[in-house]
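The lines below spell out each chain.
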Amino acid sequence: MTSVDFVDAIALAKHRQNFEETEHTRAYREMLAAVRGFQNAVVQANPSPEQLEQMTTSLQQMQAMLEAQALPEVERWYGRGGGRDGKLQLVTPQLIFEEVEDDRIHAHTTAGEFYIGMNGAMHGGIVATIFDALLGRMAAGTQGRVCRTAYLTTEYKAITPLNQRLDLVAKVESVERRKRFVTGQLWHGDTLCATADALFIEMLPGQQ
Ligand SMILES: CCCCCCCCCCCCCCCC(=O)SCCNC(=O)CCNC(=O)[C@H](O)C(C)(C)COP(=O)(O)OP(=O)(O)OC[C@H]1O[C@@H](n2cnc3c(N)ncnc32)[C@H](O)[C@@H]1OP(=O)(O)O
């Protein structure tokens, strides 16, 4: 099952934006939260050989169960959703969107141990990934414009801590034709941990 079943990004995104959360998809969101908890536990423990054997067998069984249910990207719940709780995704810590306007977003997140770089600091690639998700959401705005990242520059100004609330701010600085220049800031309390500036390009029909 490949993930490229649609070549037109706008058609795929519009289809996927039309998504209503139900009891069933809320159960899927809870399962993703359990996966996050599992990931945090995995990085912190050195299990015994017996525990490792048991875990590997259980995980292989769950993997086989899911593989038998695999769907094309257009039909999957993963990567969809929105609103305050953000998308159904695992690539970043969960982003909680508090205010979404067409030119400004305020969100927050708390990253668990899974996202560790070294010595209690968040991995730098994760900081950049959080900005890609946040600024991509900013470029989409309230209209759900379908955009792709042309560039994303991140500056690391202070350690980004794990297990602490982080506040995220995004702004649209300017718009030129299909280009949306956006910036972001990641704060821990009064400490500015990282900043980003990015260019997102609105897609044309037929572009992947
Ligand atoms: C209702 C509300 C619900 C909404 C709910 C939606 C939520 C939604 C959240 C999504 C959040 C996740 C967002 C992740 C987004 C990715 O992670 S996308 C994956 C990473 N990015 C990529 O793979 C992109 C790869 N690159 C490409 O595909 C193509 O280069 C692009 C970006 C589509 C641009 O190609 P193109 O369309 O041919 O554009 P092109 O004509 O070359 O350039 C257009 C303009 O941009 C300029 N430009 C292009 N690239 C650059 C560059 N690198 N530097 C400077 N200028 C550039 C050109 O000079 C040109 O400028 P002007 O001539 O207009 O002045």
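Before reading further, recall that the structure is shown in the block above.
Here's what I pulled together on the structure shown here. (Residues numbered from 1 in each chain as written. Predicted model: local features only at pLDDT ≥ 70, side-chain atom pairs only at ≥ 80, totals over all residues. Heavy atoms only, no water.)

**Looking at the overall build of the chain**
- Helix and strand content of the chain: four helices and six strands.
- Listing each helix as α and each strand as β along the chain from the N terminus yields α-α-α-β-β-α-β-β-β-β.
- Taken over C-alpha atoms, the radius of gyration comes to 18 Å for the chain, in line with the 17 Å a tight globule of 208 residues would show.
- Over its C-alpha atoms, taken along the principal directions, the chain stretches across nearly 60 × 40 × 30 Å.
- Here the chain holds 208 residues, and 34% of them are scored as buried. (Helix = DSSP H or I, 4+ residues; strand = E, 2+ residues; numbered from the N terminus. Rg over C-alpha atoms; globule rule 2.2 N^0.38 Å. Buried < 20%, exposed > 50% of the residue type's maximum accessible area, 1.4 Å probe, protein only.)

**Quick notes on helix H4 (residues 124-140)**
- In this model, H4 (17 residues) spans 24 Å end to end at C-alpha, consistent with the 24 Å of a helix rising 1.5 Å per residue.
- Considered for burial, the residues of H4 that qualify are Ile126, Val127, Ala128, Ile130, Phe131, Leu134, Leu135, Met138, Ala139 and Ala140.
- Buried residues in H4 make contact with strand S1 (96-100), strand S2 (104-109), strand S3 (147-156), strand S4 (166-176), strand S5 (179-188) and strand S6 (191-202).
- Two residues or fewer after H4 comes Gly141, characterised by a positive phi angle close to 60°. (Expected span 1.5 Å × (residues − 1). Contact = heavy atoms within 4.5 Å.)

**Quick notes on the packing of aromatic side chains**
- Per the counting criterion, the structure on display carries two aromatic pairs.
- Look at Phe114 and Tyr115: their rings are 5.2 Å apart centre to centre, the planes differ by 80°, and that puts the pair in the edge-to-face class. (Phe/Tyr/Trp six-rings, centres within 6.5 Å; stacked < 30°, edge-to-face > 60°.)

**Focus on the sheet that holds S5**
- Pairing within the open sheet is antiparallel, and its six strands lie in the order S1-S2-S4-S5-S6-S3. Edge positions in the sheet fall to S1 and S3, since each of these pairs with one other strand and no more. Recorded for the sheet is a direction-independent mean angle of 20° between the axes of neighbouring strands.
- Examined bridge by bridge, S4 and S5 share nine bridges and lie antiparallel to one another. Considered in S5, the bridge of Asp167 is made with Trp187.
- Each of S1, S2, S3, S4, S5 and S6 is contacted by H4, which is oriented at about 135° to S3, the strand it contacts most. (Pairing = 2+ DSSP bridges. Axes fitted to C-alpha atoms, helices over the stretch in contact; angles between N-to-C directions.)

**Some points on the pattern of salt bridges**
- This structure, assessed with the given rule, holds seven salt bridges.
- The closest approach of N and O atoms between Arg26 and Glu23, which form a salt bridge, is 3.4 Å. Of this pair, Arg26 and Glu23 both sit in helix H2 (residues 23-44), three residues apart, which is roughly one turn of that helix.
- Owing to a relative accessible area of 40%, Arg26 belongs among the partly exposed residues under this scheme. (Salt bridge = Lys/Arg side-chain N within 4 Å of Asp/Glu carboxyl O.)

**Brief notes about the side chain of Thr195**
- As for its placement among the helices and strands, Thr195 is situated in strand S6.
- Residue class for Thr195 comes out buried when judged on its relative accessible area of 17%.

**A few points about the site of the ligand**
- Around the ligand sit 20 residues, and of these Asp132, Arg177, Arg178, Lys179 and Gln207 come closest.
- In the model, a nitrogen atom of the ligand is placed 3.1 Å from a nitrogen or oxygen of the Thr149 main chain.
- Interatomic distance of 2.6 Å between a side-chain N/O atom of Gln207 and an oxygen atom of the ligand.
- Contact with the protein chains hides 53% of the accessible area of the ligand, taken as 1400 Å² for the molecule alone.
- Residue assignment for the shell around the ligand shows that the elements contributing at least two residues are H4, S3 and S6.
- If one sorts the elements of the shell around the ligand by residue count, H4 sits on top with five residues. (Near = heavy atom within 4 Å. Polar contact = N/O pair within 3.5 Å; in protein donor to acceptor, adjacent residues only side chain to side chain. Areas by Shrake-Rupley, 256 points an atom, 1.4 Å probe, with all protein chains shown as cover.)

**Quick word on unusual backbone geometry**
- One non-glycine residue with positive phi stands out, namely Asn163, at about 60°.
- Along the polypeptide, Asn163 turns up in the loop between S3 and S4.
- The phi torsion at Arg177 lies on the positive side, around 50°, for a residue other than glycine.

**A word on the side chain of Arg80**
- Mapped onto the elements of the fold, Arg80 is located in the loop between helix H3 (49-67) and S1.
- For the buried Arg80, no salt bridge is present, and the opposite-charge side chain at shortest range is Glu75, 8.2 Å distant. (Lys, Arg positive; Asp, Glu negative; His and termini not counted.)

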